[in-house]
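Chains, contacts and geometry: an overview
Residue-level listing of the chains:
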Amino acid sequence: MAAIAGTSVRSLRRALSHVGLYSQLLDQDRFKRSAELPRTTDARIIDVAFATGYTDPVHFVRAFRRMTGSMPRQFRENLAIRDGLSSQP
């Protein structure tokens, strides 16, 4: 994005932060990846947290719950139930 905007990554980050968009975009990207990993891997929740850029698993769980309304483990269990039901004839 920075190259398209003709600026450095740092300048783009600073500009987005100034208008309050950087953390929002970062949270959205992290959430999208953290919701996808339980579908495509059997990675532990702590590994999902680290893979999506969170340095504190507790912060990841809180952010995940805020965005989905459920804990990561519940989210994964619901996916398994839903996928199990949709694969039955």
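Residues numbered from 1 in each chain as written. Predicted model: local features only at pLDDT ≥ 70, side-chain atom pairs only at ≥ 80, totals over all residues. Heavy atoms only, no water.

Examining the overall build of the chain
Counting its regular elements, the chain contains 6 helices and 0 strands. Taken over C-alpha atoms, the radius of gyration comes to 16 Å for the chain, far larger than the 12 Å a tight globule of 89 residues would show. If one aligns the C-alpha atoms of the chain with their principal axes, the spans along those axes are about 55 × 30 × 20 Å. Buried residues in the chain amount to 21% of all 89 residues. (Helix = DSSP H or I, 4+ residues; strand = E, 2+ residues; numbered from the N terminus. Rg over C-alpha atoms; globule rule 2.2 N^0.38 Å. Buried < 20%, exposed > 50% of the residue type's maximum accessible area, 1.4 Å probe, protein only.)

Considering the layout of surface pockets
Of the volumes computed, that of the largest pocket is approximately 240 Å³. In this structure, the largest pocket is lined by Met1, Ala2, Val9, Leu12, Arg13, Leu16, Tyr22, Leu25, Leu26 and Asp29. Those elements that provide at least two residues to the lining of the largest pocket are helix 2 (9-18) and helix 3 (22-40). Within the lining of the largest pocket, the residues separate by chemical class into 8 nonpolar, no polar and 2 charged. (1 Å grid on protein atoms, 1.4 Å probe; cavity = no way out; pocket = protein on both sides within 12 Å on 5 of 7 lines; lining within 4 Å. Points joined across faces, edges and corners; volume = space filled by probe spheres on them. Nonpolar A, V, L, I, M, F, W, Y, C, P; charged D, E, K, R; others polar.)

A look at a nonpolar patch on the surface
Taken together, Val19, Leu21 and Leu25 make up a surface patch of nonpolar side chains, about 240 Å² in accessible area. Looking at where Val19 falls in the secondary structure, it is placed in the loop between helix 2 and helix 3. Look at Val19 and you get exposed, because its relative accessible area is 55%. (Patch = residues over 30% accessible without salt bridge, like charges linked within 9 Å, V, L, I, M, F, W, Y side chains within 5 Å. Areas by Shrake-Rupley, 256 points an atom, 1.4 Å probe, with all protein chains shown as cover. Salt bridge = Lys/Arg side-chain N within 4 Å of Asp/Glu carboxyl O.)

Topic: the nonpolar core
Ranked by size, the top nonpolar core spans 10 residues in total: Ala35, Ile45, Val48, Ala49, Tyr54, Phe60, Ala63, Phe64, Phe75 and Leu79. Among the elements of the structure, helix 4 (45-51), helix 5 (57-68) and helix 6 (72-86) are those that each provide at least two residues to this core. If we ignore the near neighbours within four places in the chain, the residues touching Ala35 are Phe64 and Phe75. (Core = buried A, V, L, I, M, F, W, Y, C linked by side-chain atoms within 4.5 Å. Contact = heavy atoms within 4.5 Å.)

A closer look at the confidence of the model for the chain
Should pLDDT be low for a region, the predicted coordinates there are not to be read in detail. On average, residues of the chain carry a pLDDT of 85, and 93% of them reach 70 or more. Mean pLDDT values for the elements of the chain range from 77 in helix 6 up to 91 in helix 4. (pLDDT = per-residue confidence, 0-100.)

A short note on the pattern of salt bridges
Scanning all chains against the criterion turns up 2 salt bridges. For Asp29, the salt bridge goes to Arg33, with nearest N and O atoms at 3.6 Å. With Asp29 and Arg33 both in helix 3 and 4 residues apart, the pair spans about one turn of that helix. Residue Asp47 is joined to Arg44 by a salt bridge in which the shortest nitrogen-to-oxygen separation is 3.2 Å.

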